[in-house]
Amino acid sequence: MKSVALPGGEEVPVLGQGTWNMGDKRETRREEIATLRLGLDSGLRLIDTAEMYGEGRAEELISEAIAGRRNEAFLVSKVVPHNASRKGTIAACERSLKRMRTDRIDLYLLHWRGNIAFSETIEGFVALRKAGKIRHYGVSNMDVDDMREFFSLPGGEAAAANQLLFNLTRRGIEWDLVPWLREKRIPVMAYSPIEQARLLRDPKLADFAKRHGMTPAQAALAWLLAKDGIIAIPKTSHREHLTENLGALDHPLTWQQSAELDRLFPPPEAPVALEML
């Protein structure tokens, strides 16, 4: 599988697994765990979660899915802004480690910007990394001005990723944020790559996918995977859908196909405010 290098050189797969809204229902738990395990079997070792997802239930679900397989997984979690003081970041990480039954988080992110100074959060990140409880740290939902500020602070230059809303219909970050991140060699982790399934109902995408022998989900994912420095983290709770997502790897887009999707779903012609879900 194609991989993306983090700033420190570590390679992670371009396709991972999201867990937003997973772990909330007892009746779907078994299938969700089986889906995450199938993803690991298939090389989708990056699993993304957050303390906010189900108030920790998604992290608890992951602990079951990776039981006996911790070294196969690259775990990403996030601290919410109101917990992101120096002490609060450390305490939040400890709770996430306990829920996931692991001794380390591979990539720990600030979920979005709040009222606590970046410097405090970075101090917490650095302390956690020195203690071996996280291996890398970064941010999520940060626009270019936020990134410049974060990067200018002591320790901020170690930001390893920015997790962002990015798909065929949410292309605002391409205006100035993606070029800035690319210059700093910071990958984008693209969440909601099929727009919470809304893209699957788009007739333009459906027609494109049919003509090129793939499903709409595969086309949307393949568009992202064709770009350098992008990690897509679609969330699915079903093994059938996971297998479909994996099929995107078997349909790498040609230059002409990517250009066609760019015409069907053009980027904005001027700067837009950072979008979030």
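Position numbers for residues count from 1 along each chain, tracking the sequence in the order it is written. Side-chain atom pairs in this predicted model are given and counted only at pLDDT of 80 or more, local residue features only at pLDDT of at least 70, and totals for whole chains, interfaces and linings cover all residues. No hydrogens and no water enter the side-chain calculation; it runs on all heavy atoms of the structure.

Draft legend 1. Expanded view of helix H1 (residues 29–41). Between its first and last C-alpha, H1 extends 18 Å over 13 residues, near the 18 Å set by a 1.5 Å rise per residue. The buried label goes to any residue with under 20% of its type's maximum accessible area, the exposed label to any with over 50%, and the partly exposed label to all in between, with areas taken from a 1.4 Å probe on protein chains only. Numbering of helices and strands runs from the N terminus; a helix is a DSSP stretch of H or I covering at least four residues, while a strand is a stretch of E covering at least two. Turning to H1, its buried residues number three or more, namely Glu32, Ile33, Thr35, Leu36, Gly39 and Leu40. Looking straight down H1, one finds its buried side chains confined to an arc of 155°; they lie on one side. The exposed residues of H1 that point more than 90 degrees off its buried face are Arg30 and Asp41. Buried residues belonging to H1 abut strand S3 (46–48), helix H2 (57–65) and helix H9 (239–246). Gly43 sits one or two residues past H1 and shows a positive phi near 95°. Any helix carries an expected span of 1.5 Å times its number of residues minus one. It is the directions from the helix axis to the C-beta atoms that the arc portrays. Only heavy atoms enter the contact rule, under which two residues are in contact if any of them lie within 4.5 Å.

Draft legend 2. The arrangement of unusual backbone geometry in detail. Here Ser192, not a glycine, exhibits a phi torsion of approximately 50°, which is positive. Structurally, the position occupied by Ser192 is in the loop between strand S8 (188–191) and helix H7 (203–211). Here Ser192 falls in the buried class, since its relative accessible area comes to 10%. The phi dihedral of Glu195 is positive, around 55°, even though this residue is not glycine. Within the element layout of this structure, Glu195 appears in the loop between S8 and H7.

Draft legend 3. Looking closely at the pattern of salt bridges. Salt bridge, as used here: a side-chain nitrogen of Lys or Arg that lies within 4 Å of a carboxyl oxygen of Asp or Glu. Under the criterion given, the structure shown has 25 salt bridges. Two residues, Glu59 and Arg99, come together in a salt bridge whose shortest N-O distance is 2.6 Å. With Glu59 in helix H2 and Arg99 in helix H3 (residues 86–100), this pair connects stretches of sequence that are 40 residues apart. The buried category is assigned to Glu59, whose relative accessible area is 0%. Of the charged contacts, one joins Asp106 and Arg70 as a salt bridge, the two residues approaching to 3.0 Å between their closest N and O atoms.

Draft legend 4. How the structure looks around the packing of aromatic side chains. Note on ring pairs: Phe, Tyr and Trp rings are taken, using the six-membered ring of Trp, and paired if centres are within 6.5 Å. Classes follow the plane angle, with under 30 degrees stacked, over 60 edge-to-face and the rest tilted. Summed over all chains, the structure comprises 6 aromatic pairs. On the basis of an interplanar angle of 25° and a centroid distance of 5.1 Å, the ring pair of Phe125 and Tyr137 is categorised as stacked. Placement of Phe125 in helix H4 (residues 118–130) and of Tyr137 in strand S6 (residues 134–140) is noted, with a sequence separation of 12 residues between them. Side by side, Phe125 and Tyr137 carry an identical accessibility label, which is buried.

Draft legend 5. Layout of the environment of Ile33. Turning to its location among the elements, Ile33 is positioned in helix H1. Distance in space between the C-alpha atoms of Ile33 and Met22 is 9.4 Å, their sequence separation being 11 residues. Ignoring anything within four residues of it in the chain, the contact list for Ile33 reads Leu61, Glu64 and Ala65.

Draft legend 6. Examining the sheet that holds strand S9 (residues 230–232) more closely. With parallel pairing, 7 strands are arranged side by side in an open sheet as S3-S4-S5-S6-S7-S8-S9. A single partner strand is all that each edge strand has here, and the edge strands are S3 and S9. Each neighbouring strand pair of the sheet contributes to a mean axis angle of 30°, computed without reference to strand direction. Pairing geometry for strand S5 (residues 105–110) and S6, over 5 bridges, is parallel. Bridged to Tyr108 within S6 is Tyr137. When DSSP finds two or more bridges between two strands, those strands count as paired. Every axis corresponds to a line fitted to the C-alpha atoms, with the helix fit spanning only the stretch in contact, and the corresponding angles, defined between N-to-C directions, vary from 0 to 180 degrees.

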